[in-house]
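These are the residues of each chain, in order.
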Amino acid sequence: MSHKVTLIPGDGTGPELSAALETVVAATGVDIEWEQQDAGLDVMEEYGTPLPDHVVESVRRNRVAIKGPITTPVGSGFRSVNVALRKSLDLYACLRPARSIKGVRSHYDDIDVVCVRENTEDLYAGIEHMVTDDAAESIKIITRKGSERVVRFAFEYARMHGRRKVTAVHKANIMKCTDGLFLRVAREVAGDYPDVEFEDRIVDNMCMQLVQKPELYDVLVLPNLYGDIVSDLCAGLVGGLGVAPGANIGEDAAVFEPVHGSAPKYTGMNKVNPTALLLSGVLLLDHLGEAEASRRMYDAIAAVIGEGKDVTYDLGGDAGTSDMAAAIARKLS
């Protein structure tokens, strides 16, 4: 079966990472036609925006995309392309697996946790204003619709992937209206999935428990702000953002991406670790229904990292981005 997928290489080191992705995915034997669309800093001068309309239309038409990292200036400049894609395509669920890989430096060696983050509301809706010159206000929005669909996504993911438990993370003891609604809806949805265990945790306690006893947790479902923070904590448990894949999924489209930045100072140096984008490719193949190829690709990535020879400097080797991708491709052939 052939699949048409929008490929957004990104900027900075993004194009090098995307080339590595193409190499490894080709070695799986899955027939993918890449429709390349450029976004980010490199298209600003031509289009006046980092996310031209034709890029969004490509994703909408193909229903699936994968992107390299794109630079977002801090404190000034254009809005995050990642956020703009999520909002324009209503990609309401952010999927962030964190799984230990032998050979990646970490204080833990047996982590397997999945964060499902609500992607469209909460404080990240950006409804804020200055009250006076010395005071600012931000409005936290939690809706039944937003909560129900992301919690249901978490349970469906758990059921489909043989996971044992879903934990709803909240601060309903203090924010009784907003987080209270999220928790009530989570409990209601859990009733439709008697085959999956359900529990809830207060977010600050959740952070402590993930550090102390992460083996107790499986799938976490969280409102937007907590999900952003806790998913990075989980990435830290397995070695950092360099090995952290991500996916943003809605009813009509899905966009897969690494979580880390574009590292512009390394542009063109064939130096950066491609693991996060490659693992995002693993999620992409699974989403496309290519479960066996997805598993083989993951195993090949883990094998090369575990051997510790054909890996980039941050993993203890001296291989370039393309060399590591070629080694993984050889494992698949």
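Rules used in this analysis
- Residues numbered from 1 in each chain as written.
- Predicted model: local features only at pLDDT ≥ 70, side-chain atom pairs only at ≥ 80, totals over all residues.
- Heavy atoms only, no water.
- Helix = DSSP H or I, 4+ residues; strand = E, 2+ residues; numbered from the N terminus.
- Polar contact = N/O pair within 3.5 Å; in protein donor to acceptor, adjacent residues only side chain to side chain.
- Contact = heavy atoms within 4.5 Å.
- Salt bridge = Lys/Arg side-chain N within 4 Å of Asp/Glu carboxyl O.
- Buried < 20%, exposed > 50% of the residue type's maximum accessible area, 1.4 Å probe, protein only.
- Pairing = 2+ DSSP bridges.
- Axes fitted to C-alpha atoms, helices over the stretch in contact; angles between N-to-C directions.
- Patch = residues over 30% accessible without salt bridge, like charges linked within 9 Å, V, L, I, M, F, W, Y side chains within 5 Å.
- Areas by Shrake-Rupley, 256 points an atom, 1.4 Å probe, with all protein chains shown as cover.
- Arc of directions from axis to C-beta.
- Parallel < 35°, antiparallel > 145°, perpendicular 65-115°, else oblique.
- Left-handed = near helix turned anticlockwise from the far one by under 90°.
- Nonpolar A, V, L, I, M, F, W, Y, C, P; charged D, E, K, R; others polar.
- Right-handed = clockwise from strand over helix to strand, strands pointing away.
- Expected span 1.5 Å × (residues − 1).

Colleague: Requested: an account of the side chain of Arg163, with residues and values cited.
Modeller: Residue position: Arg163 is located in the loop between helix H5 (144-160) and strand E8 (165-170). At 2.6 Å, the side chain of Arg163 forms a polar contact with the side chain of Asp218. If we skip the residues at most four places from it in the chain, Arg163 touches Asp112, Val113, Val114, Tyr157, Ala158, Asp218 and Val219.

Colleague: So what's going on with the pattern of salt bridges? Residues and values would help.
Modeller: Under the counting rule described, the total for this entry stands at 27 salt bridges. Residue Arg330 pairs with Asp310 through a salt bridge whose shortest N-O separation is 3.9 Å. Linking Arg330 in helix H11 (residues 321-332) with Asp310 in the loop between helix H10 (291-307) and H11, this pair joins segments that are 20 residues apart in sequence. Note on Arg330: relative accessible area 53%, which makes it exposed. Of the residues examined, Asp310 reaches a relative accessible area of 30% and is grouped as partly exposed. Residues participating in the shared-partner salt-bridge network are Lys4, Glu33, Glu35 and Arg61.

Colleague: I'd like to hear about unusual backbone geometry, residue by residue, with values.
Modeller: For Arg63, which is not glycine, the phi torsion reads 70° and is therefore positive. Position of Arg63 among the secondary structure elements: in the loop between helix H3 (53-62) and strand E3 (64-67). According to the relative accessible area criterion, Arg63 is partly exposed, its value standing at 45%.

Colleague: Would you mind going over the sheet that holds E3 in detail, with residue names and values included?
Modeller: Spatial ordering of the open sheet is given by E2-E1-E3-E12-E11-E4-E5-E10-E8-E9, a layout of ten strands whose pairing is mixed. Each of the sheet's edge strands pairs with one partner strand only, and the pair in question is strand E2 (31-36) and strand E9 (197-202). For this sheet, the mean inter-axis angle between neighbouring strands, taken without regard to orientation, is 25°. Inspection of the sheet shows strand E4 (residues 93-99) paired to strand E5 (residues 112-118) by seven bridges, in the antiparallel sense. Residue pairing across strands places Pro97 opposite Val114, the latter belonging to E5. Against the sheet, H3 makes contact with strand E1 (2-8), E2, E3 and strand E12 (254-258), and its axis sits at roughly 160° relative to E1, the strand it touches most. Along the sheet, helix H4 (residues 81-89) contacts E1, E3, E5, strand E11 (245-249) and E12; its crossing angle with E12, the most-contacted strand, is approximately 165°.

Colleague: With reference to specific residues and values, describe a nonpolar patch on the surface.
Modeller: Taken together, the side chains of Ile127, Ile139 and Ile141 make up a nonpolar region of the molecular surface, amounting to roughly 200 Å² of accessible area. Residue placement: Ile141 occurs in the loop between strand E7 (135-138) and H5.

Colleague: Can you tell me about helix H7 (residues 203-212), naming the residues and giving the values?
Modeller: Inspection of H7 places Val203, Met206, Gln209 and Leu210 among the buried residues, and these make up the whole buried set. Down the axis of H7, the sector holding all buried residues measures 110°, keeping them to one side. Against the buried residues of H7 lie E8, E9, strand E10 (219-222) and helix H8 (224-237).

Colleague: Would you mind going over the packing of H5 against helix H6 (residues 178-190) in detail, with residue names and values included?
Modeller: H6 packs onto H5 with a crossing angle of 45° between their chain directions and a minimal axis gap of 9 Å. Considering the angle they form, H5 stands oblique to H6. Crossing of H5 against H6: the hand is right-handed. Each of Arg144, Ser147, Glu148, Val150, Val151, Arg152 and Phe155 in H5 lies in contact with H6, whose residues at this interface are Leu181, Phe182, Val185, Ala186, Glu188, Val189 and Ala190. For the contact of H5 with H6, the per-class residue count stands at nine nonpolar, one polar and four charged.

Colleague: Account for the pairing of E8, with residues named and values stated.
Modeller: Buried residues dominate E8, accounting for six of its six residues. Neither face of E8 is exposed, since Lys165, Thr167 and Val169 on one face and Val166, Ala168 and His170 on the opposite face are all buried. Bridging between E8 and E9 involves six bridges; their strand directions are parallel. Following the sheet pairing, Val166 is matched in E9 by Phe198. At this point the chain moves from E8, through H6, to the parallel E9, and the crossover so formed is right-handed. Summarising the sheet, E8 and E10 pair through three bridges and their orientation is parallel. Paired with Thr167 across the two strands is Leu220, which belongs to E10.

Colleague: Can you tell me about helix H1 (residues 14-28), naming the residues and giving the values?
Modeller: Because the α-helix completes a turn every 3.6 residues, residues three or four places apart line up on one side. Relative to the 21 Å expected for 15 residues at 1.5 Å per residue, H1 spans 21 Å between its end C-alpha atoms, a close match to the ideal helical length. For H1, every residue scored as buried is listed here: Gly14, Glu16, Leu17, Ser18, Ala20, Leu21, Val24, Val25 and Thr28. Along its buried surface, H1 packs onto E1, E2, E3, helix H9 (275-287), H10 and H11. Where H1 ends, the next residue or the one after it, Gly29, has phi of about 90°, a positive value.

Coordinates in, geometry out; function isn't part of it.
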